[in-house]
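# Geometric and topological summary
Here are the chains, one letter per residue:
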Amino acid sequence: WLKARACANAPTSASATQHPHRRRCPVAEAAAMFTRFVEPGRLAVITYGPCAGKMCTVVDIVDQKRVVVDGPENVTGVRRHMMPVKRLSLTDLCAKIPRGAREKTLRTALDRDQVLQKWSETAWAKKIKAKEVRAKLTDFERFKLMVARRKRSAEVKVVMKKTKK
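Presented here is an overview of the structure given in this document. (Residues numbered from 1 in each chain as written. Predicted model: local features only at pLDDT ≥ 70, side-chain atom pairs only at ≥ 80, totals over all residues. Heavy atoms only, no water.)

Moving on, we come to the overall build of the protein chain. Along its length, the protein chain carries eight helices and five strands. Beginning at the N terminus, the succession of helices and strands in the protein chain can be written as α-α-α-β-β-β-α-β-β-α-α-α-α. Sorting the 165 residues of the protein chain into buried and exposed places 22% on the buried side. Of the contacts made within the protein chain by residues no fewer than 6 positions apart, 44% connect residues no fewer than 24 positions apart. Element-wise, carbon and sulfur atoms account for 57% of the exposed surface of the protein chain, whose accessible area totals about 12600 Å². (Helix = DSSP H or I, 4+ residues; strand = E, 2+ residues; numbered from the N terminus. Buried < 20%, exposed > 50% of the residue type's maximum accessible area, 1.4 Å probe, protein only. Contact = heavy atoms within 4.5 Å. Areas by Shrake-Rupley, 256 points an atom, 1.4 Å probe, with all protein chains shown as cover.)

Laid out in structure tokens, this is it:
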């Protein structure tokens, strides 16, 4: 019944989806939207606790709210431990591993699927890396950055003045 109703309310043409006053079917949109499921092999970022900011992989699901995660430790610095799902930010990347996989199996799966290499190429990872770099700047490096920004801004102003004329 719900599927039939969802299909009846769903827009049929491209022009219908663009119209701002047209009713959209929330069931159809929700089904097509979410893909980051909690599953073994899912790469995640720890958002809270002693390992905050580190990458981990979901290895097993304990219950509705808790999972077992593993780094592996020699790759990301996260030991195998149980953690609430609330403290994780799931990524789009996933390695193909069985539930409860050993550390060696996890490491080989991450290498085989090149999950961590793909992660380092994402905008999210680059943003985290840039934040870390900015946080580690010395006072003199911050000063040099400020001077470089001023110089660039002045050059942009000169070019913009020329294009206005």
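Take the side chain of T91 next. By the element assignment, T91 lies in strand β5 (residues 88–94). Given a relative accessible area of 1%, T91 falls into the buried group. At 2.7 Å, the side chain of T91 forms a polar contact with the backbone oxygen of L43. Excluding residues within four positions of it along the chain, T91 makes contact with R36, R42, L43, A44, V45, M55, W119 and W124. (Polar contact = N/O pair within 3.5 Å; in protein donor to acceptor, adjacent residues only side chain to side chain.)

A few words now on the nonpolar core. One broad rule of soluble globular proteins: the nonpolar side chains tend to lie buried together. With 14 residues, the main nonpolar core has L43, V115 and W119 as its most contacted residues. At the level of secondary structure, the elements contributing two or more residues to this core comprise β1 (42–46), β2 (55–61), α5 (103–113) and α6 (115–120). What V115 contacts, discounting residues up to four positions off in sequence, is L43, L93, C94, A95 and L110. In this structure, I46, C56, M83 and L90 belong to the second largest nonpolar core, which totals 11 residues. (Core = buried A, V, L, I, M, F, W, Y, C linked by side-chain atoms within 4.5 Å.)

Below, the discussion takes up the pairing of β1. In regular strands, side chains alternate between the two faces of the sheet. Counted residue by residue, β1 has five buried out of five residues, so it is predominantly covered. On β1, burial covers both faces: R42, A44 and I46 on one face and L43 and V45 on the other are all buried. Pairing of β1 with β5 involves four bridges; the strand directions are antiparallel. Across the sheet, residue V45 finds its bridge partner in β5, namely S89. Sheet analysis places β1 next to β2, joined by three bridges and oriented antiparallel. The residue bridging V45 from the neighbouring strand is M55, located in β2. (Pairing = 2+ DSSP bridges.)

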